[in-house]
Amino acid sequence: MKVLVIGGGAREHALCRSLSLDPEVTALYCAPGNAGIAEVAELHPVDALDGDAVARLATELGAGLVVVGPEAPLVAGVADAVRAAGIPCFGPSGEAARLEGSKAFAKDVMAGAGVPTARSYVCTTPAEIDEALDAFGAPYVVKDDGLAAGKGVVVTEDVEAARAHALSCDRVVIEEFLDGPEVSLFAITDGTTVLPLQPAQDFKRALDGDEGPNTGGMGAYSPLPWADPKLVDEVLDTVLQPTVDELRRRGTPFSGLLYAGLAITSRGVRVIEFNARFGDPETQVVLARLKTPLAGVLLASAEGTLDELPPLKWRDDAAVTVVIASHNYPGTPRTGDPIDGLAEVAAQDAPDAYVLHAGTRAEGDVVLSAGGRVLSVTATGKDLAAARERAYTALGRIRLDGSQHRTDIALKAAGG
């Protein structure tokens, strides 16, 4: 099978790495990719938001499967264009991807499916915003209705900061605060069958101790030693399957990756948000633990045959990933700085630890930073403590001027 992956972040590098290890994959392409993905896949330029251009590229390459990584191309309908060209595509239609593209649409689907979530108001005027903030009180949870690259959510005790964020959005969802730890659970679906993956936890705040501004994610780990062993089955029964069934009932079947962001509250599991694609950085740790070859699972989702697959197999190992971000992230990041130490990690830490590229580009033999989140240093080990130690040892070999990272990823869960 020839596979084309669309995107150029650490999520796509994790996908490409897993696909490159799959014996069924005879050729692997990525568009546009990055400096790290170039080591495992052949890169091609493409406007990832242009469905016709992506479909043309897939046709030229003779791809038997296209995997659309990021949310923006999915919401733009790129998967529809690929399918219209007769090529199997992993990723939901533009209509179904509204589950991530519109918080208000997601709330409506959850209401129809009876999925437990936070009470909320959809607001479009200053008066509605003030009424909603007053109704819920602090801490305030304010979400931009549209896509915001993981930075559209503000959780704050400061009503003026909450109001300012709400006013900066065209349409905003204001909801009650959910207490309890957060969990990410991915599921692969073909619109009928739902195949949950292993849960992970990510770290959204920029600084240690969950301080600082929200980011796209600064690290993640899996498995979750503190979680109820029945959690995955419970979420499948109460969240994932009902949501997939409701979308099919509405005539907008969802196939691809359904990501549930969950809060384990004192009143039970509640959905914080849905995403329509693999999450970054959780993908890095979930795929590090997946034993089953990836391409066949993604193809079964695209072709509607997930019910024919044997159960997924998982490694017993734990996995930890730590994000190295550029200077000033999540503000306007500094880019163009050289990255040193990548060869040292490859020589001294592989295969237990490795580096997945996010915002990088190559200039000759030099790898430069090219985004806010630059690298994800990922490691596996017999338990979280071992995986964590390996990840931070490898991270210590990397040099990027002005870079930042959290030092407490998976610390509590590993018993630290």
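Thresholds, definitions, all that
- Residues numbered from 1 in each chain as written.
- Predicted model: local features only at pLDDT ≥ 70, side-chain atom pairs only at ≥ 80, totals over all residues.
- Heavy atoms only, no water.
- Helix = DSSP H or I, 4+ residues; strand = E, 2+ residues; numbered from the N terminus.
- Rg over C-alpha atoms; globule rule 2.2 N^0.38 Å.
- Buried < 20%, exposed > 50% of the residue type's maximum accessible area, 1.4 Å probe, protein only.
- Contact = heavy atoms within 4.5 Å.
- Disulfide = S-S within 2.5 Å.
- Pairing = 2+ DSSP bridges.
- Axes fitted to C-alpha atoms, helices over the stretch in contact; angles between N-to-C directions.
- Expected span 1.5 Å × (residues − 1).
- Bend = angle between axes of the 7 residues up to and from the residue.
- Parallel < 35°, antiparallel > 145°, perpendicular 65-115°, else oblique.
- Left-handed = near helix turned anticlockwise from the far one by under 90°.
- Nonpolar A, V, L, I, M, F, W, Y, C, P; charged D, E, K, R; others polar.

A.B. asks: Hey, could you go over the overall build of the protein for me, with residue numbers and the actual values?
C.D. replies: A tally of regular secondary structure across the protein gives 13 helices and 24 strands. For the protein, whose C-alpha radius of gyration is 20 Å, the value lies close to the compact-globule estimate of 22 Å for 416 residues. Projecting the C-alpha coordinates of the protein onto the three principal axes gives extents of approximately 55 × 45 × 40 Å. By the burial criterion, 57% of the 416 residues in the protein qualify as buried.

A.B. asks: Run through the side chain of Lys107, naming residues and quoting values.
C.D. replies: Considering the arrangement of structural elements, one finds Lys107 in helix 6 (residues 103-113). Residue class for Lys107 comes out buried when judged on its relative accessible area of 12%. Not counting residues within four places of it along the chain, the set of residues in contact with Lys107 comprises Thr117, Ala118, Ser120, Val173 and Glu175.

A.B. asks: Lay out the state of the cysteines in plain terms, naming residues and giving numbers.
C.D. replies: For the coordinates displayed, the defined rule picks out 0 disulfides. Cys30 takes part in no disulfide bond, and the closest cysteine sulfur to it belongs to Cys16, at a distance of 4.1 Å.

A.B. asks: Any details on the sheet that holds strand 16 (residues 256-265)? Residues and values, ideally.
C.D. replies: The 4 strands are arranged 11-10-16-17 in an open sheet whose pairing can be described as antiparallel. Only two strands of the sheet have a single neighbouring strand rather than two, namely strand 11 (194-196) and strand 17 (268-275). Between one strand and the next, the sheet's axes are offset by a mean angle of 35°, whatever the strand orientation. Of the pairings in the sheet, the one linking strand 16 to strand 17 comprises 7 bridges and is antiparallel in character.

A.B. asks: Give me the lowdown on helix 9 (residues 231-249), citing residues and values where you can.
C.D. replies: Spanning 19 residues, helix 9 covers 26 Å between terminal C-alpha atoms, matching the ideal 27 Å at 1.5 Å per step. Most pronounced at Asp237, the bend in helix 9 amounts to some 40°. Every buried residue belonging to helix 9 is among Leu231, Val232, Val235, Leu236, Val239, Leu240, Pro242, Thr243, Val244, Glu246 and Leu247, and all of these are buried. The secondary structure elements touched by the buried residues of helix 9 are helix 5 (98-101), helix 6, strand 10 (182-189), strand 11, strand 16 and strand 17. Downstream of helix 9 by a residue or two, Gly251 has a phi angle that is positive, lying close to 85°.

A.B. asks: Describe the packing of helix 1 (residues 10-20) against helix 10 (residues 282-289), naming the residues involved and giving the relevant values.
C.D. replies: At a closest axis distance of 8 Å, the pairing of helix 1 and helix 10 adopts a crossing angle of 15°. It follows that helix 1 is roughly parallel to helix 10 by the angle criterion. Our pair here, helix 1 against helix 10, has a crossing hand that is left-handed. Facing Ala10, Arg11, Ala14, Leu15 and Ser18 of helix 1, the residues of helix 10 in contact are Thr283, Gln284 and Leu287. Within the contact of helix 1 with helix 10, the residues separate by chemical class into 4 nonpolar, 3 polar and 1 charged.

Any functional reading would require information beyond the geometric quantities listed.
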